[in-house]
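Chain residues, written in single-letter form:
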Amino acid sequence: MPLSKIQTVDNQVIPNLGRRNKIINGDFQVFQKGSGGATAADNAYAKTDRFKYFISGVTTTQDQQSFTHGQTDVPGEPTYFMRNTLASNSGSSNYSILAQHIEDVKTCAGQEVTLSFYAKSSVNGNKVAIEFNQSFGTGGSNRVTSAQTGDTAQLVTLTTSFARYTVTTTIDSIAGKTLGPSNTSFLELYMWMSGGSDYSRANGLGNQSGDFDFADIQLETGDVATPFERRPFHEQEHDCHRYYYKRPAQGTQEDDLILSSDYNNSTSNFWMEYYYPRKMRVRPSYSSASGWVTQTPQTINEGERHVAFQFTNGSAYLDRSTTFVLDANN
Amino acid sequence: MNIQSVKYKPNHPITGEPSKGVIAIIRNSATDEDEEFSIPADEGNLHYQAVMEWVEKGNKIADAD
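Our subject in this report is the structure included herewith. (Residues numbered from 1 in each chain as written. Chains lettered and ligands numbered in written order. Predicted model: local features only at pLDDT ≥ 70, side-chain atom pairs only at ≥ 80, totals over all residues. Heavy atoms only, no water.)

### Some thoughts on the interface of chain A and chain B
So, step 1. Of the residues lining the interface, 27 residues belong to chain A; the matching set on chain B comes to 20 residues.
So, step 2. Summing both partners gives a buried area of about 1700 Å² for chain A against chain B, and 51% of it is carried by carbon and sulfur.
So, step 3. Counting the surface chain A buries against chain B, the share from its top three residues, T138(A), R283(A) and S285(A), is 25%.
So, step 4. At the boundary of chain A and chain B, one finds one salt bridge.
So, step 5. Across the chain A-chain B interface, the total number found is ten residue pairs in polar contact (both at pLDDT 80 or more).
So, step 6. Mapped by element, the contributors of at least two residues to the side of chain A that touches chain B are strand 14 (263–266), strand 15 (269–275), strand 16 (285–290) and strand 17 (299–302) of chain A.
So, step 7. Across the side of chain A that touches chain B, the residue classes break down as seven nonpolar, 14 polar and six charged.
So, step 8. By the bridge criterion, two bridges tie strand 16 of chain A to strand 3 (residues 33–39) of chain B in an arrangement that is antiparallel. Paired with Y286(A) across the two strands is S38(B), which belongs to strand 3 of chain B. (Contact = heavy atoms within 4.5 Å. Buried area = accessible area lost by both parts, 1.4 Å probe. Salt bridge = Lys/Arg side-chain N within 4 Å of Asp/Glu carboxyl O. Polar contact = N/O pair within 3.5 Å; in protein donor to acceptor, adjacent residues only side chain to side chain. Helix = DSSP H or I, 4+ residues; strand = E, 2+ residues; numbered from the N terminus. Nonpolar A, V, L, I, M, F, W, Y, C, P; charged D, E, K, R; others polar. Pairing = 2+ DSSP bridges.)

### Notes on the nonpolar core
All names here are of chain A.
So, step 1. Formed by 34 residues in total, the largest nonpolar core has its most connected members in F117, I130, F132, M191, F214 and I217.
So, step 2. Of all the secondary structure elements, the ones that give two or more residues to this core are strand 3 (52–56), strand 5 (80–86), strand 6 (95–103), strand 7 (112–121), strand 8 (127–135), strand 10 (163–170), strand 11 (186–195) and strand 12 (210–221).
So, step 3. By size, the runner-up hydrophobic cluster in this structure holds 18 residues, among which are Y245, M280, F309 and F324. (Core = buried A, V, L, I, M, F, W, Y, C linked by side-chain atoms within 4.5 Å. Buried < 20%, exposed > 50% of the residue type's maximum accessible area, 1.4 Å probe, protein only.)

### Side note on the pattern of salt bridges
So, step 1. In this structure the tally under the stated criterion is 18 salt bridges over all chains.
So, step 2. With a closest N to O distance of 2.8 Å, D239(A) and R231(A) form a salt bridge. For the pair D239(A) and R231(A), a shared accessibility class is recorded, and that class is buried.
So, step 3. The partner of K7(B) in a salt bridge is D65(B), with the nearest N and O atoms 2.5 Å apart. Note that K7(B) is positioned in strand 1 (residues 2–8) and D65(B) in the segment after helix 1 (46–56), a separation of 58 residues in sequence.

### Quick word on unusual backbone geometry
Residues and elements named next belong to chain A.
So, step 1. Even without being a glycine, F28 presents a positive backbone phi close to 60°.
So, step 2. In this structure, F28 sits in the loop between helix 1 (3–6) and strand 1 (38–39).
So, step 3. Positive phi, close to 55°, is recorded for D151, a residue that is not glycine.
So, step 4. Mapping D151 onto the fold places it in the loop between strand 8 and strand 9 (154–157).

### Considerations on the state of the cysteines
Note on terminology: disulfide describes a covalent bond linking the sulfur atoms of two cysteines.
All names here are of chain A.
So, step 1. Within this structure, the stated rule accounts for zero disulfides over all chains.
So, step 2. C240 supplies the cysteine sulfur nearest to C108, a cysteine that is in no disulfide, at a spacing of 18 Å.
So, step 3. In this structure C108 comes out as buried when scored by relative accessible area, which is 3%.
So, step 4. By relative accessible area, which is 0% here, C240 ends up buried. (Disulfide = S-S within 2.5 Å.)

### What about the packing of aromatic side chains?
Two aromatic rings are characterised by how far apart their centres lie and by the angle between their planes.
Residues and elements named next belong to chain A.
So, step 1. Using the criterion set out here, one finds 19 aromatic pairs over all chains in the structure.
So, step 2. Ring centres of F309 and F324 lie 5.7 Å apart, and the angle between their planes is 65°; this geometry places the pair in the edge-to-face category. Of this pair, F309 sits in strand 18 (residues 306–311) while F324 sits in strand 19 (residues 323–327); the two residues are 15 residues apart in sequence, bridging distant segments of the chain. Side by side, F309 and F324 carry an identical accessibility label, which is buried.
So, step 3. Through a chain of ring-to-ring contacts, the aromatic side chains of Y274, Y286, W292, F309, F311 and F324 assemble into a single cluster.
So, step 4. Its guanidinium or amino end placed over the ring of Y243, R50 lies 3.7 Å from that ring's centre, counting from NZ or CZ. (Phe/Tyr/Trp six-rings, centres within 6.5 Å; stacked < 30°, edge-to-face > 60°. Lys NZ or Arg CZ within 6 Å of the ring centre and 35° of its normal.)

Remember that the coordinates give geometry; whether it matters functionally is a separate question.
Pasting the structure below:
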């Protein structure tokens, strides 16, 4: 069969080819930090997995909104959309950006790409500026902003109803660049929701406020926006676990994971290994622990595949109430 | 990240070797609450990167408890 046949959208072959979407959690199914609204912080993740914020002078809140079953505004029965509410702002240095870091700067380098997403705003005429940046990792070349056609962001203008928007551009080549380890480099998607006049790279976006609602964000190679690739929850959750894992409190006795400390070399050194659901991007930070039984870990050694906890007695264990967070986000 | 304080992790309980990892108190700018993070010495870890930037600004990592 000639290649042209399987690259055609109209014959419905392409939509059946998987793993097109470079964005993880593009339909916002995974939010390990819990549902509900959250105030977003600069250079930090709010509640939805894999989506990060960059903020200066713009109070921004993120909220997980549910679609009504059977709605037809966004096809394919997505469960959620993301609402970002921006407070009024007017400073030339103010900005609010929704971002995703796509691991490995080789991703889409030198290739034509198409970003597609559904969006609406509470303010008719609000715009979103789409920008791609390249970060070359630890020890690599300096970061390149607006690493795309024309070296500037592309604008789309929203209405108060959901519609699908597409942006096609070519990502800069990485020829001549020095690359750090692939797990520390990334292609960065910026969705500027507000950007004061200091940021010409935002293509004159300007200060904006109101609700910005997004659904089904997809980045793929080529100049065509194919239908959104809706992957099952468990697959997306698995992808998210490479970057962030919250051991959830379990509900029933059957969910208990009872681990006795499994090694000791003295009466005051007991060790327990806890394996993650998958290998993480880098060695993660450990935080937000609660519910350890009899003793909290005295020493914590985080690896990429597992963490070793050390206790001074042999009776410490995890049960259904024990939670903690392992963060390897980029 | 709004780092409040950093100290080294305790020496390895078996080998006695000093740890390069740290324990940091970081203020969550959204909730204004302090959180404790156990952070490995991994240059790709965002928290570790923030600690190194904090040190470059003249701050000092305290000894382990």
